[in-house]
Structures are given as structure tokens and as C-alpha cells.
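What follows is each chain in one-letter form.
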Amino acid sequence: MGRPREAPAIEQVESALQGSIAQVRPPESFRRQLGESLGMAAHSRAAGLSVQAKPRPSRWAVFITSVTIALSVTITVFLVRRLGR
């Protein structure tokens, strides 16, 4: 496995990284718009209004359909080759 690194070395790397990476600050307009959107969402929820997402097919349904199609194509190709002899 290896020796654990010394704490001062880790601290040096950490401080170097923090000094080289600039902090991300979103623009004021983004923050204001986000606040308005969250406020509207909270108000709608408090009023009992909600938007329901359309149901999407589950992953299992997509997987089973894909496997069924693949098997159907494989069997069809096999039968066509066998009957062609």
C-alpha cells in the first residue's frame, strides 16, 4: 500500500489549488431570477397548484422492449438463412 502522506505536504497542495482556482460567483441577474422563480414555486405549492410531469416509460420497459426487438431480429435472420438453404 504505501505510506500515508504527510499533513504539511497535503496542506501545501491544498493551498496551491485554492489559490489557483477562482471562485465562481453567479451574476446578480441570475441570482435575482432564481429568487423570483423559487418564490413563484413556493407560492404555487402553498396555493395547492402543481405541475405534474408526463409519465415516462420506465427503464425496465425500455430494456425489455430492446431485448425483445433484438431477439426477434436474430430469430428472423436465423430462420431466413435456414430456409434459404
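Calculation criteria
- Residues numbered from 1 in each chain as written.
- Predicted model: local features only at pLDDT ≥ 70, side-chain atom pairs only at ≥ 80, totals over all residues.
- Heavy atoms only, no water.
- Helix = DSSP H or I, 4+ residues; strand = E, 2+ residues; numbered from the N terminus.
- Buried < 20%, exposed > 50% of the residue type's maximum accessible area, 1.4 Å probe, protein only.
- Areas by Shrake-Rupley, 256 points an atom, 1.4 Å probe, with all protein chains shown as cover.
- Lys, Arg positive; Asp, Glu negative; His and termini not counted.
- Charge placed at Lys NZ, Arg CZ, Asp CG, Glu CD.
- Polar contact = N/O pair within 3.5 Å; in protein donor to acceptor, adjacent residues only side chain to side chain.
- pLDDT = per-residue confidence, 0-100.
- Phe/Tyr/Trp six-rings, centres within 6.5 Å; stacked < 30°, edge-to-face > 60°.

Asks: So what exactly am I meant to see when it comes to the overall build of the protein chain here?
Replies: Scanning the protein chain from terminus to terminus reveals 3 helices and 0 strands. For the protein chain, the sequential pattern of α-helices and β-strands runs α-α-α. With respect to the principal axes defined by its C-alpha atoms, the protein chain has extents near 75 × 60 × 25 Å. Classification of the 85 residues of the protein chain by burial places 0% in the buried group. Summing over all exposed atoms, the protein chain offers an accessible surface of approximately 9000 Å²; the carbon and sulfur share of this is 61%. Between the averaged position of the 12 positive side-chain charges in the protein chain and that of its 5 negative side-chain charges there is a distance of 27 Å.

Asks: Would you take a moment to explain the environment of Ser72 for this structure?
Replies: The residue Ser72 is located in helix H3 (residues 59-83) in this model. On the basis of relative accessibility, which here comes to 39%, the residue Ser72 falls in the partly exposed class. Placed 10 residues apart in sequence, Ser72 and Arg82 show a C-alpha to C-alpha distance of 15 Å. Side-chain polar atoms of Ser72 contact the backbone oxygen of Thr68, separated by 2.8 Å.

Asks: In this structure, what is going on with the confidence of the model for the protein chain? I would like to understand it.
Replies: As a note on interpretation, predicted positions should not be read in detail where pLDDT is low. The pLDDT averaged across the protein chain works out to 84; a share of 92% of its residues lies at or above 70. Of all secondary-structure elements in the protein chain, the lowest mean pLDDT belongs to helix H1 (residues 7-20), at 81, while H3 reaches the highest, 94.

Asks: It is not clear to me how the environment of Ser50 should be interpreted in this structure. Could you clarify?
Replies: Inspection of the secondary structure assignment puts Ser50 in the loop between helix H2 (28-46) and H3. Each C-alpha atom of the pair Ser50 and Leu83 lies 58 Å from the other, and the pair is 33 residues apart in sequence.

Asks: What is the right way to read the packing of aromatic side chains from this model?
Replies: The geometry of an aromatic ring pair is captured by the separation of the ring centres together with the interplanar angle, meaning the angle of the planes. Scanning all chains against the criterion turns up 1 aromatic pair. Taken together, a centroid distance of 5.8 Å and an interplanar angle of 85° make the contact between Trp60 and Phe63 edge-to-face. With Trp60 and Phe63 both in helix H3, this residue pair falls 3 residues apart, about one helical turn. Relative accessible area serves as the criterion here: at 63%, Trp60 is assigned to the exposed category.

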